[in-house]
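A closer look at the structure
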There are 2 protein chains.
Amino acid sequence: MEEGATASALVVDNKKVVFKGYIEGAPKETDMELRIENIELKAPKGCGAFLVKNLYLSCDPYMRGRMRDFHGSYIPPYVPGQPIQGFGVSKVVDSDIPEFKVGDLVSLITGWEEYSLISQPQQLRRIQQHEHDVPLSYYLGLLGMPGFTAYAGFYEVCSPKKGDYVFVSAAAGAVGQLVGQFAKSHGCYVVGTAGSAQKVDLLKNKLGFDEAFNYKEVANLDAALKRYFPEGIDIYFDNVGGEMLDAALVNMRVHGRIAVCGMVSLHSLVDGRGIHNLYNVVGKRIRIQGFLQSDYLDLYPRFLEHVMSWYKEGKIVYIEDVSEGLENAAAAFVGLFSGRNVGKQVVSLCGPGPDPSII
Amino acid sequence: MEEGATASALVVDNKKVVFKGYIEGAPKETDMELRIENIELKAPKGCGAFLVKNLYLSCDPYMRGRMRDFHGSYIPPYVPGQPIQGFGVSKVVDSDIPEFKVGDLVSLITGWEEYSLISQPQQLRRIQQHEHDVPLSYYLGLLGMPGFTAYAGFYEVCSPKKGDYVFVSAAAGAVGQLVGQFAKSHGCYVVGTAGSAQKVDLLKNKLGFDEAFNYKEVANLDAALKRYFPEGIDIYFDNVGGEMLDAALVNMRVHGRIAVCGMVSLHSLVDGRGIHNLYNVVGKRIRIQGFLQSDYLDLYPRFLEHVMSWYKEGKIVYIEDVSEGLENAAAAFVGLFSGRNVGKQVVSLCGPGPDPSII
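On a predicted model such as this, the values are computed, not experimentally measured, just so you know.

**Re the overall build of chain A**
Summing up its helical and strand segments, chain A has nine helices and 15 strands in all. Relative to a compact globule of 359 residues, whose C-alpha radius of gyration would be 21 Å, chain A shows 21 Å and is just as compact. Counting only C-alpha atoms and orienting by the principal axes, one finds that chain A spans roughly 70 × 45 × 35 Å. The buried share among the 359 residues of chain A stands at 58%.

**Re unusual backbone geometry**
Residues and elements named next belong to chain B. Within the chain, Ser159 stands out as a residue other than glycine whose phi angle is a positive 45 degrees. Position of Ser159 relative to the elements: it lies in the loop between helix H2 (145-157) and strand E8 (165-168). Backbone geometry places Ala170, a non-glycine residue, at a positive phi of 45 degrees. Within the secondary structure, Ala170 sits in the loop between E8 and helix H3 (176-185).

**Let's talk about the interface of chain B and chain A**
On the chain A side, the residues contacting the 30 residues of chain B number 30 residues. Note on chain B versus chain A: buried area summed over both sides is about 2,500 Å², and carbon and sulfur give 63% of it. On the chain B side of the contact with chain A, Tyr279, Val282 and Arg285 of chain B bury the most area, a combined 23% of that side's loss. Connecting chain B to chain A are two salt bridges. The salt bridge involving Asp295 of chain A is made with Arg285 of chain B; its shortest N-O contact spans 2.7 Å. Here chain B and chain A share eight residue pairs in polar contact (both at pLDDT 80 or more) between them. Elements with a contribution of two residues or more to the side of chain B that touches chain A: strand E12 (252-260), helix H7 (280-283) and strand E13 (287-290) of chain B. For the side of chain B that touches chain A, the leading source of residues is E13 of chain B, giving four residues. Of the residues contributing to the side of chain B that touches chain A, the split by class is 17 nonpolar, eight polar and five charged.

**A look at the relation of the copies chain B and chain A**
At an RMSD of 0.0 Å, chain B and chain A line up after a rotation of 180 degrees and a shift of 0.0 Å along the axis. What we have between these two chains is a two-fold relation. Take the interface residues of chain B: 100% of them recur as interface residues in chain A, which is what a same-surface contact looks like.

**Section: the side chain of Ser95 of chain B**
Residue and element names in this part refer to chain B. Here Ser95 shows up in strand E4 (residues 85-95). At 2.8 Å, the side chain of Ser95 forms a polar contact with the backbone oxygen of Ile97. Within the local environment of Ser95, its side chain forms a polar contact with the backbone oxygen of Phe100, the two atoms lying 2.5 Å apart.

**Examining the nonpolar core**
In terms of nonpolar packing, the biggest core is built from 81 residues, with Ile84, Trp112, Phe182, Val307 and Phe333 of chain B touching the most fellow members. The element that contributes the greatest number of residues to this core is H2 of chain B, accounting for seven residues. Leaving out residues up to four positions away in the same chain, Phe333 of chain B has contacts with Pro27, Met32, Cys59, Asp60, Met63, Arg64, Met67 and Trp112 of chain B. Judged by nonpolar contacts, the second largest core, of 80 residues, contains Leu136, Phe182, Met308 and Ile316 of chain A.

**Let's talk about the pairing of strand E5 (residues 105-111) of chain A**
Within a regular beta strand, the side chains point alternately toward one face of the sheet and then the other, so they alternate between its two faces. Residues and elements named next belong to chain A. A large share of E5 lies buried, amounting to seven of its seven residues. Residues Leu105, Ser107, Ile109 and Gly111 line one face of E5 and the alternating positions Val106, Leu108 and Thr110 line the opposite face, and both faces are buried. Bridge count between strand E4 (residues 85-95) and E5: seven bridges; the pairing is antiparallel. Within the sheet, the bridge partner assigned to Gly88 lies in E5 and is Leu108.

**Thoughts on the pattern of salt bridges**
Charged atoms that come close allow side chains of opposite charge to pair. Here the structure, examined in full by the defined rule, presents 34 salt bridges over all chains. Note that Arg302 of chain B and Glu156 of chain B form a salt bridge whose closest N and O atoms lie 3.3 Å from each other. With Arg302 of chain B in helix H8 (residues 300-312) and Glu156 of chain B in helix H2, this pair connects stretches of sequence that are 146 residues apart. Exposure remark for Arg302 of chain B: the relative accessible area of 37% places this residue in the partly exposed category. One continuous salt-bridge network, built from bridges that share partners, spans Lys16, Glu33, Arg35, Glu37 and Glu113 of chain A.

**Quick word on the pairing of strand E10 (residues 211-214) of chain B**
Residue and element names in this part refer to chain B. With four bridges joining them, strand E9 (residues 189-194) and E10 adopt parallel strand pairing. Directly across from Ala194, in E10, lies its bridge partner Asn214. For the crossover that starts at E9, traverses helix H4 (residues 197-205) and ends in the parallel E10, the hand is right-handed.

**Observations concerning the packing of helix H2 (residues 145-157) of chain A against helix H3 (residues 176-185) of chain A**
Packed helices, taken two at a time, are described by the angle their axes make and the gap between the axes. Residue and element names in this part refer to chain A. Packing of H2 against H3 brings their axes to within 9 Å, and their N-to-C directions diverge by 40 degrees. Taken together, the axis directions place H2 and H3 in an arrangement best described as oblique. Where H2 crosses over H3, the two elements pack in a sense that is right-handed. In this structure, H2 uses Gly147, Ala150, Tyr151, Phe154 and Tyr155 to contact H3, whose residues at the interface are Leu178, Val179, Phe182, Ala183 and Ser185. When the residues that make up the contact of H2 with H3 are grouped by side-chain class, the tally is eight nonpolar, two polar and no charged.

**Concerning the state of the cysteines**
Tallied over the entire structure, the rule returns zero disulfides over all chains. For the unlinked cysteine Cys261 of chain A, the closest cysteine sulfur is that of Cys158 of chain A, found at 9.3 Å. Its sulfur unpaired, Cys188 of chain B is 9.2 Å from the next cysteine sulfur, which belongs to Cys158 of chain B.

**Some words on the packing of H2 of chain B against H8 of chain B**
Residues and elements named next belong to chain B. H8 packs onto H2 with a crossing angle of 105 degrees between their chain directions and a minimal axis gap of 11 Å. In terms of orientation, H2 and H8 fall into the roughly perpendicular class. Counting all contacts with H2, which are made through Gly147, Phe148, Tyr151, Tyr155 and Glu156, the residues of H8 involved are Tyr300, Arg302, Phe303, His306, Val307 and Trp310. Class assignment for the residues of the contact of H2 with H8 results in seven nonpolar, two polar and two charged.

**What to know about H4 of chain B**
Residues and elements named next belong to chain B. Among all positions of H4, only Lys199, Val200, Leu202 and Leu203 are buried. The buried side chains of H4 occupy one side of the element, clustering within an arc of 160 degrees when seen end-on. For H4, exposure combined with an orientation more than 90 degrees from the buried face picks out Ala197, Gln198 and Asn205. Buried-residue contacts for H4 involve E9 and E10.

**Brief notes about the sheet that holds strand E11 (residues 233-238) of chain B**
Taking strand neighbours across the sheet as the criterion, the 12 strands line up as E10(A)-E9(A)-E8(A)-E11(A)-E12(A)-E13(A)-E13(B)-E12(B)-E11(B)-E8(B)-E9(B)-E10(B) in an open arrangement whose pairing is mixed. Looking at strand neighbours, the two that pair on one side only are strand E10 (211-214) of chain A together with E10 of chain B, the edges of this open sheet. Between one strand and the next, the sheet's axes are offset by a mean angle of 15 degrees, whatever the strand orientation. With four bridges connecting them, E12 of chain B and E13 of chain B associate as parallel partners. What sits directly across from Val260 of chain B, in E13 of chain B, is Gly290 of chain B.

**A few points about the packing of aromatic side chains**
Residues and elements named next belong to chain B. Using the criterion set out here, one finds 49 aromatic pairs over all chains in the structure. Taking 6.0 Å as the distance between ring centres and 75 degrees as the angle between the ring planes, the aromatic pair formed by Phe237 and Phe291 counts as edge-to-face. Pair noted here: Phe237 is in strand E11 and Phe291 is in the loop between E13 and H8, with a separation of 54 residues, a long-range link. Accessibility expressed as a relative area gives 1% for Phe291, which makes it buried.

So, how was this worked out
Residues numbered from 1 in each chain as written. Chains lettered and ligands numbered in written order. Predicted model: local features only at pLDDT ≥ 70, side-chain atom pairs only at ≥ 80, totals over all residues. Heavy atoms only, no water. Helix = DSSP H or I, 4+ residues; strand = E, 2+ residues; numbered from the N terminus. Rg over C-alpha atoms; globule rule 2.2 N^0.38 Å. Buried < 20%, exposed > 50% of the residue type's maximum accessible area, 1.4 Å probe, protein only. Contact = heavy atoms within 4.5 Å. Buried area = accessible area lost by both parts, 1.4 Å probe. Salt bridge = Lys/Arg side-chain N within 4 Å of Asp/Glu carboxyl O. Polar contact = N/O pair within 3.5 Å; in protein donor to acceptor, adjacent residues only side chain to side chain. Nonpolar A, V, L, I, M, F, W, Y, C, P; charged D, E, K, R; others polar. Least-squares fit on C-alpha atoms with pLDDT ≥ 70 in both. Core = buried A, V, L, I, M, F, W, Y, C linked by side-chain atoms within 4.5 Å. Pairing = 2+ DSSP bridges. Right-handed = clockwise from strand over helix to strand, strands pointing away. Axes fitted to C-alpha atoms, helices over the stretch in contact; angles between N-to-C directions. Parallel < 35°, antiparallel > 145°, perpendicular 65-115°, else oblique. Left-handed = near helix turned anticlockwise from the far one by under 90°. Disulfide = S-S within 2.5 Å. Arc of directions from axis to C-beta. Phe/Tyr/Trp six-rings, centres within 6.5 Å; stacked < 30°, edge-to-face > 60°.

Honestly, it's all geometry; don't read function into it.
In structure tokens, the structure reads:
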């Protein structure tokens, strides 16, 4: 209904998902609430800001960290009463800066709301959309932070070699599905784990993993890894931490590498269960490397070129799980922590109709 | 009494410390026993072996790993009923191979006994002893495996930079005392921890650490590290694992490095308490690298040249704890695990008298 607003009326409704207050355990839908405020569809002159209509919002596990009252992290916590923030794909509807004009498409950190006034853009990138290009939402996954995490993590952190035995957890997720495909095309043997039969099927039959298993159906993770990796694991791409990391540590080969980009299994700041097999790092000379994609941003252009062409050549595929509307955004985010999503979780604010990039 | 044996009698007593059987927890003196057997002071012709008189034996924490019935490690377990094995400095008393002659001094893996017949030498190195050189026993510490562990670990694993904040555990031990001195001469700020007031005094007043503290007198390791490292830790050289590693993880700086060469705090193969703060590796992009000096042996000649000259120039010192006689060897080894030793623990089999290198 707001589509015509810029022309006819300056003030419109702005639906938003507001953060209610700090949490300790796993996020719940009730930690967020839907609110409707008004917004003037104008970037005030002289403010150096621009106004965007948000088209797609990204649900990423790291966002849970911003729901905690913990200021020692690489990213500050959310502000209670303010909208959730995260990566988005948006369209400029008014602009006070010459670099961005009405109609420009961008990816950036935006608010979980219909319209956001962006005065201090973070991780802002212009999207050059051409015919036959990837879907816009892929700028939150394949071509966005998760895709770049997979790329930087696999190629820069894991020191992969042809023939390496590679294990990927959360393998059907936004990052894992790409790590597995990168590893396969690098000549590695790749096994993934995920939490449902549907995901295991996708890993084996759509994403090209050599093997895959449902960790929820395995009585003993250590024994399962020994079955899938009788020679041991060279590279473990760890998206989950916890028990899976502990089991992998026992099964690593000498000089194995563990890249850690998230510990989605940890529901609070303290890992109650603990990691018990870390002693393996000495005898096996294991390297455990935590990393964030933001340390590798100089590689982003190369990544974009590589991955875009691999995708167009059909060498890689990307699976998305799209929820519709801000009404379903909180549930979509919360679902990440029980593994409800299949593939990269995105929230579309476009509604039905033609591709918003050509509106 | 055996000194003249090679000339007058071919068969002499050979006192030895025998490994009784596999253990689970920390080693006890009763896990070993003294035994006297006979030995012919001759390397049988055609066997390609040589016979050594052992002068100094090394007590090292890794040896506990060989007391466990665990065959998946980088080094096989001891054989019950056979002597303990470890690094030693020895003198050739008979030889069936041309490369080593009677009177040659060597460091090698030898038996905890007076004489050993060496048929398949491991880690064998000739010692070129000159006037004013270092004491022979230093080939088990400063110039041996622990010294090289400190050298390879600090320079090759820790990626040190001038001005880095460096934390060393077991800092008065065989490895730690050198890591601290290397770090100081590299322009780092160095804090060490050890388990007694005497050791803390040595760290501060003899080994040149900027600060040192007795971890046994600290109620909260995390708080102690925050006091000594208000800016956080760039490099943690971990000799102990366990609670100290957990506390260090919380206090690491972004892009911090943790070099792990041993986990002396673990008394069994499974870490019952567990590591609870590993989640820090992601946000802080921490690298945890297990290593063994044996992977860096191509650097040994450079190490020997560097460390020998630094020692002769008075730039580094080395503290040894010497026990006398095989009768005290088991107690000396067991003492490692309660921190009884001050500095590198060595067992001398030389008895009183002149330097054995000139006998």
